[in-house]
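Structural overview for review
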Amino acid sequence: MIDAFGAMNAIGLVAFALAGSLKGADADLDLFGIAVLGMLTALGGGILRDTLVGRVPVALRTTGDVAIALAGVALALVLARLLGSRLRNHAAIQLPDAVGLAAFAATGALVGVQATLSPFGVVVLATLTGVGGGSIADLLLGRVPSVLHEDFYATPAVLGGAAFWLAVRAGVASGRAALGCAIVVLGLRLLALRYDWRLPTV
Amino acid sequence: MIDAFGAMNAIGLVAFALAGSLKGADADLDLFGIAVLGMLTALGGGILRDTLVGRVPVALRTTGDVAIALAGVALALVLARLLGSRLRNHAAIQLPDAVGLAAFAATGALVGVQATLSPFGVVVLATLTGVGGGSIADLLLGRVPSVLHEDFYATPAVLGGAAFWLAVRAGVASGRAALGCAIVVLGLRLLALRYDWRLPTV
Amino acid sequence: MIDAFGAMNAIGLVAFALAGSLKGADADLDLFGIAVLGMLTALGGGILRDTLVGRVPVALRTTGDVAIALAGVALALVLARLLGSRLRNHAAIQLPDAVGLAAFAATGALVGVQATLSPFGVVVLATLTGVGGGSIADLLLGRVPSVLHEDFYATPAVLGGAAFWLAVRAGVASGRAALGCAIVVLGLRLLALRYDWRLPTV
């Protein structure tokens, strides 16, 4: 179970770092800016998560996730040279991106339950871990975070976080609940992509 | 005294959530975005306050404030349907908004003194608790936070925070000082609205 | 050694507060906004640094740095009246600004090593302490932080942070390593200004 989860997390780190770096290249940032956008997109959600529960961010203490995210940035630089930077909404990036959203939301929910947050706190942490990195990257580029107005992207993380809390509350072990949460998020996100789901405006 | 304070806090949470949600609806966010803007406007100042003094944010640990803020978001959705979203600067929202600014600044100053911050730290915490949520919401919409260029809005919180610190320093009990701080902020804010006070530019 | 370092830190606080305040005046902020921009530019990097490693920010607990930064804001108000606000890229501000970048990067690296961060974490903390305040100020004005697309500004802090970590790793005492880090950052920054170094885009 930990292996499946670790693999999802690694896929997500690469996909998020790739998407963030390409966004930076599109916006004519220099190499430092591109690397910052890629790393922040991959690691920013987890940094927000840890800061909110009073932990020194894992990304600043250990090397594993950082190395994987750096590989994603390097991949983006190669792809941007080879193919131009028009990959961003390509299906080849949307699937691993959805996997990452699922893995990140599950770790967020897990950390929230471990920190004995309220149900609302668990949902916030799941969502923020999933979408926080990309939103910081959008803000750095002077854009309204896309999760606030576009697409059915944050909602799977919200529902996955709620599912996690309910499962733990019902006595499910947290490792198993995390996997269930990731499956809920991934399934909803893929359905949303397939059927072009959107939330209404007012 | 706690009751008066609790009531002011609740009024502020509803007013801030309402104002933030309407701002989100004006900016054509989807339902998730509107809820995020409303909740962040109401709870964001307190989350910044708690994070800066190393506490897990109250809004993620307990349910009371969250439920009240959610009611404000729901109210906004109803009002936006019924009346359109042009309520934002209406007097009906400015008075409870001023009450919220006063209550939030007072809790910020109180937390700052409890965390043994410097006088500057107490003033920063009072101000940030009062105006931080709305400023985050402005940033998410790609706008310069209105407190930085408009109106006499943050200044009452600055002065209230300073008054709180002076009162505690002079031996006033902190509960009483918090009420005094709230009264100073509310009074100054209402005078500013009544007489259209502004700070100079340079 | 501590004296040289303290002097560099003070020069940096004044230079950063001055640059931030002038940026605020240029953007037609009111007095509160100008002061916020100046104080955040000077103190924001250190606040981010402390928050990430779980410390209550020094700027909220002690008075020394705050008083120096306030002096920088006051100086900016006088200069903006006397000379207009076109000082920002003037050599008279670029040199003390480089000194500040060096001092701040060194304290960031030092705090990172004290908090037993990973090498990546130390580099992030050095860079963020150096460029975080100015970047927050840019964000508040709705601008892409200039370090992401312009100039060879963050890179000296990145390299200085790496040099610090290598030195400590090699057994150099941390006080001495901090001074070495500051010299690396200052030297690289001055060379970059002199020869107009830039990082490539993609």
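Residues numbered from 1 in each chain as written. Chains lettered and ligands numbered in written order. Predicted model: local features only at pLDDT ≥ 70, side-chain atom pairs only at ≥ 80, totals over all residues. Heavy atoms only, no water.

As recorded in an unreviewed UniProt entry, chain A goes by TRIC cation channel family protein and comes from Halococcus dombrowskii. According to the UniProt record, the Subcellular location (unreviewed entry) comment for chain A is "Cell membrane". (UniProt positions renumbered as here; feature names shortened; annotations may be inferred.)

1. A short note on a nonpolar patch on the surface
Residues and elements named next belong to chain A. A cluster of nonpolar residues, V78, L82 and L83, forms a patch on the protein surface that exposes about 320 Å² of accessible area. The topology assignment puts L83 in helix 4 (residues 64-83). A residue is classified by how much of its surface remains accessible, and L83, at 55% relative accessible area, is exposed. (Patch = residues over 30% accessible without salt bridge, like charges linked within 9 Å, V, L, I, M, F, W, Y side chains within 5 Å. Areas by Shrake-Rupley, 256 points an atom, 1.4 Å probe, with all protein chains shown as cover. Salt bridge = Lys/Arg side-chain N within 4 Å of Asp/Glu carboxyl O. Helix = DSSP H or I, 4+ residues; strand = E, 2+ residues; numbered from the N terminus. Buried < 20%, exposed > 50% of the residue type's maximum accessible area, 1.4 Å probe, protein only.)

2. So, the UniProt feature "domain: Glycine transporter" (unreviewed entry) in chain A
Residues and elements named next belong to chain A. The positions that UniProt labels "domain: Glycine transporter" (unreviewed entry) are, in the present scheme, residues 8-80 and 96-167. Strand forms 0% of residues 8-80 and helix 85%; the C-alpha atoms that close the span are 24 Å apart. Helix makes up 76% of residues 96-167 and strand makes up 0%, while its end C-alpha atoms are separated by 26 Å.

3. Thoughts on the interface of chain A and chain B
Contact residues are listed per partner, giving 23 residues for chain A and 29 residues for chain B. The largest share of the area that chain A buries against chain B comes from F120, L148 and V202 of chain A, three residues that together contribute 33% of it. At the surface where chain A touches chain B, the tally comes to zero salt bridges. Linking chain A to chain B there are three residue pairs in polar contact (both at pLDDT 80 or more). Contributing elements (two or more residues each) for the side of chain A that touches chain B: helix 2 (31-52), helix 6 (119-140) and helix 7 (154-169) of chain A. (Contact = heavy atoms within 4.5 Å. Buried area = accessible area lost by both parts, 1.4 Å probe. Polar contact = N/O pair within 3.5 Å; in protein donor to acceptor, adjacent residues only side chain to side chain.)

4. Comments concerning the relation of the copies chain A and chain B
If you rotate chain A by 120 degrees and push it 0.0 Å along the axis, it lands on chain B with an RMSD of 0.0 Å. Here the copies are linked by what is in effect a three-fold axis. Interface overlap between copies is the fraction of interface residues in one copy that are interface residues in the other; for chain A against chain B it is only 9%, indicating separate surfaces. (Least-squares fit on C-alpha atoms with pLDDT ≥ 70 in both.)

5. Details of the interface of chain C and chain A
Listed by partner, the interface residues are 23 residues for chain C and 29 residues for chain A. Together chain C and chain A conceal approximately 2,000 Å² of surface at their shared face, both sides included; 74% is due to carbon and sulfur atoms. Sorting the residues of chain C by area buried against chain A places F120, L148 and V202 of chain C first, and these three jointly supply 33% of that buried surface. The tally of links between chain C and chain A comes to zero salt bridges. Contributions of two or more residues to the side of chain C that touches chain A are made by helix 2 (31-52), helix 6 (119-140) and helix 7 (154-169) of chain C. When residues of the side of chain C that touches chain A are assigned to their parent elements, the largest contribution, five residues, is made by helix 6 of chain C. By residue class, the composition of the side of chain C that touches chain A is 15 nonpolar, six polar and two charged. (Nonpolar A, V, L, I, M, F, W, Y, C, P; charged D, E, K, R; others polar.)

6. Some words on the environment of A137 of chain C
Residues and elements named next belong to chain C. You can see A137 is positioned in helix 6. Sequence separation between A137 and T63 is 74 residues, and the spatial gap between their C-alpha atoms is 22 Å. In contact with A137, not counting residues within four places along its chain, are K23, L37 and T41.

7. Details of the packing of aromatic side chains
In the structure shown here, the tally under the stated rule is six aromatic pairs over all chains. An angle of 65 degrees between the planes, with centres 4.8 Å apart, marks the rings of F16 of chain B and F104 of chain B as edge-to-face. Separated by 88 residues along the polypeptide, F16 of chain B in helix 1 (residues 2-26) and F104 of chain B in helix 5 (residues 91-114) bring together distant segments of the chain. Given the relative accessible area of 4%, F16 of chain B is considered buried. Residue F104 of chain B is classed as buried on the basis of its relative accessible area of 6%. When the ring of F152 of chain B is compared with that of W197 of chain B, the centres are 5.3 Å apart and the planes differ by 80 degrees; the resulting orientation is edge-to-face. Of this pair, F152 of chain B sits in the loop between helix 6 (119-140) and helix 7 (154-169) while W197 of chain B sits in the segment after helix 8 (174-195), placing them 45 residues apart in sequence. Looking at R194 of chain A, its charged tip hangs above the ring of Y195 of chain A, at a distance of 5.0 Å from the centre. (Phe/Tyr/Trp six-rings, centres within 6.5 Å; stacked < 30°, edge-to-face > 60°. Lys NZ or Arg CZ within 6 Å of the ring centre and 35° of its normal.)

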